[in-house]
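Here is what each chain is made of, one letter per residue.
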Amino acid sequence: MYVCTSRPSLDKMLDEKRKQGHKIHFVPTMGALHDGHISLLKQASQKNAVVVCSIFVNPTQFNDKADLDKYPRTLEADLALIEAGSDCRIVFAPDSPNEVYDQTYQEQTLGLEGLDKVMEGAFRPGHFKGVVNVVNQLFAIVKPDVTFFGEKDFQQLAIIRLMTKKLNLDIDIVGCPIIREPNGLARSSRNERLSVKMRAEAALIHQSLQELKSNYLKYSLETCKTHFMRSFENSPLEVEYLSIVDGHTLQEISEWHETAYAQACTAVFAGEIRLIDNVQIFA
Ligand code: PAF
C-alpha cells in the first residue's frame, strides 16, 4: 500500500502508471470508510485501471465547525479496510490542508444553474462551494480518467457532473448505488455516531421513502408527502426536509406529471446526527 501524503510523491507514482498505459480510476473520500466506500473502490477496479483513493477531511465544506471537529479521523483503520476489501493500493492522504490548497489553488465561483441552492444547499450554506472547490482541486492533483461517487449524495453527484461539464474536464463521472445496512439505513460515516436504538429507529427513513415510491401511482404528490411526514410522528426522528424534485434540475415539483424523472430526497435528524437519503420514484 502506497500512502502518499504529499503531491510530488503522488505525481511520481501516477506518472509511472500512466506511462505503463494504465488509466487512473479515482475515489475521493473523507475517510471514516465503510462498505459504501469499499463498493466504490470495487467498482473502480477494472481491467488496466489503477485505483486511487483520497482521504481528506475537507474543512471548507463544513458549514458547522462542531460537525467538522466531530468528523471521525480513522486513517489506520481506513487503510486496513481498503487493503482487505479492495484492489486499491494507492492512497492520497494529505497531511495538511495546505497540500491540497497549495499555491496552484484558484477558487472556482462557477454558476451551478440553481443545483446548489436547494435541499442540502439551502440547509448547509456554503457546503457545495466547498465540495466543488475541493473536488476540482483533487481532480487537478490526481488527474483521473474516471471517478466514482455514491448516489446517496444525489445532489453532490449532480453538481459534480455539472462542474465537470462546465469546466470541460475530460473525466467520466460514475454514480454508484447506495449501500444499505441490513435494516435499510443508508451506509454513512455518521451512522457510527448513532446509539443502537437510534440506528434501529433510523430504518424508518428508507422504509418511508420506499412507501412513498410504492404509493405514487395511487395518490397525489401532496398526499404522498403528508403520508411521509406522518410516518415520523411517533418516532424520535425529525425530518428537516423532504423534497420531491426533477432528477436533472433538482427543482421541486408539485404534481407528478411535471417531470419524467422524479427523485425524493430527504434529510432527517436522529438526535443530533443528520442523515440523508433518497430514492428514485420514477424515470
Ligand atoms: O462525498 C464526500 O465524501 C465528499 O464530499 C468528497 C466528494 C470526498 C469531497 O470532500
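First, a word on scope: everything that follows refers to the structure included in this document. (Residues numbered from 1 in each chain as written. Predicted model: local features only at pLDDT ≥ 70, side-chain atom pairs only at ≥ 80, totals over all residues. Heavy atoms only, no water.)

A few words on the pattern of salt bridges. Across all of its chains, the model carries 21 salt bridges by this definition. In this structure, D116 engages K117 in a salt bridge whose closest nitrogen and oxygen atoms are separated by 3.2 Å. Its relative accessible area of 17% is what places D116 among the buried residues. Residue classification places K117 among the exposed residues on the basis of a relative accessible area of 59%. (Salt bridge = Lys/Arg side-chain N within 4 Å of Asp/Glu carboxyl O. Buried < 20%, exposed > 50% of the residue type's maximum accessible area, 1.4 Å probe, protein only.)

This part takes up empty space enclosed by the protein. Applying the stated criterion across every chain, the model contains 2 cavities of 30 Å³ or more. Here the second largest cavity defines a volume of roughly 70 Å³. Looking at the second largest cavity, the residues that line it are S208, E211, L212, N215, C224, H227, F228 and S231. For the lining of the second largest cavity, the elements supplying multiple residues, two or more each, are α10 (203–215) and α11 (221–230). Ranked by residues supplied to the lining of the second largest cavity, first place goes to α10 with 4 residues. Looking at the lining of the second largest cavity, its residues break down into 3 nonpolar, 4 polar and 1 charged. (1 Å grid on protein atoms, 1.4 Å probe; cavity = no way out; pocket = protein on both sides within 12 Å on 5 of 7 lines; lining within 4 Å. Points joined across faces, edges and corners; volume = space filled by probe spheres on them. Helix = DSSP H or I, 4+ residues; strand = E, 2+ residues; numbered from the N terminus. Nonpolar A, V, L, I, M, F, W, Y, C, P; charged D, E, K, R; others polar.)

Moving on, we come to the pairing of strand β6 (residues 172–176). Two faces belong to every sheet, and in a regular strand the side chains alternate between them. Sheet topology note: the strand β5 (residues 146–150)/β6 ladder contains 5 bridges and is parallel. Bridge pairing in β6 links G150 to C176. Remark: the β5/helix α8 (residues 154–166)/β6 crossover connection has right-handed handedness. (Pairing = 2+ DSSP bridges. Right-handed = clockwise from strand over helix to strand, strands pointing away.)

Near the ligand, the surroundings consist of P28, T29, M30, Q61, V134, V135, F149 and Q156. Q156 places a polar side-chain atom, nitrogen or oxygen, 2.7 Å from an oxygen atom of the ligand. Out of a free accessible area of 290 Å², the ligand has 88% covered by protein chains. At the level of secondary structure, the elements contributing two or more residues to the shell around the ligand comprise β2 (23–29) and α7 (127–142). Partitioning the shell around the ligand into residue classes produces 5 nonpolar, 3 polar and no charged. (Near = heavy atom within 4 Å. Polar contact = N/O pair within 3.5 Å; in protein donor to acceptor, adjacent residues only side chain to side chain. Areas by Shrake-Rupley, 256 points an atom, 1.4 Å probe, with all protein chains shown as cover.)

Right, let's get into α8. Given a rise of 1.5 Å per residue, 13 residues ought to cover 18 Å, and the 19 Å separating the end C-alpha atoms of α8 matches this to within 8%. With 10 of its 13 residues buried, α8 lies for the most part within the structure. Taken residue by residue, α8 has F154, Q155, Q156, L157, A158, I159, I160, L162, M163 and T164 as its buried positions. Tucked inside the fold, the buried residues of α8 contact α6 (120–123), α7, β5, β6, β8 (262–270) and β9 (273–282). (Expected span 1.5 Å × (residues − 1). Contact = heavy atoms within 4.5 Å.)

What follows deals with the sheet that holds β6. The sheet built from 6 strands is open, its strands ordered β1-β4-β3-β2-β5-β6 with parallel pairing. Where the open sheet ends on each side, the last strands, each with one partner, are β1 (2–4) and β6. The average angle at which neighbouring strand axes cross in this sheet is 25°, direction not considered. Relative to strand β3 (residues 49–55), β2 runs parallel, the two sharing 7 bridges. Bridge pairing links I24 to V50 in β3. On top of the sheet, helix α4 (residues 75–85) reaches β1, β3 and β4 (90–92); it is set at about 160° to β3, its chief contact. Lying on the sheet, α7 is in contact with β2, β3, β4, β5 and β6; it crosses β2 at an angle near 150°. (Axes fitted to C-alpha atoms, helices over the stretch in contact; angles between N-to-C directions.)

As a further point, take the packing of helix α2 (residues 35–44) against α4. At a minimum axis distance of 10 Å, the contact between α2 and α4 shows a crossing angle of 45°. Between α2 and α4, the angle is such that the two are oblique. Crossing geometry of α2 relative to α4 is assigned as right-handed. Where α2 approaches α4, its residues I38, L41 and K42 are matched on the opposing element by L81, I82 and G85. (Parallel < 35°, antiparallel > 145°, perpendicular 65-115°, else oblique. Left-handed = near helix turned anticlockwise from the far one by under 90°.)

Mapped onto the secondary structure, I160 falls in helix α8. Judged by its relative accessible area of 0%, I160 falls in the buried class. With 11 residues separating them along the chain, I160 and F149 place their C-alpha atoms 9.1 Å apart. Not counting residues within four places of it along the chain, the set of residues in contact with I160 comprises V131, V135, F139, F149 and I173.

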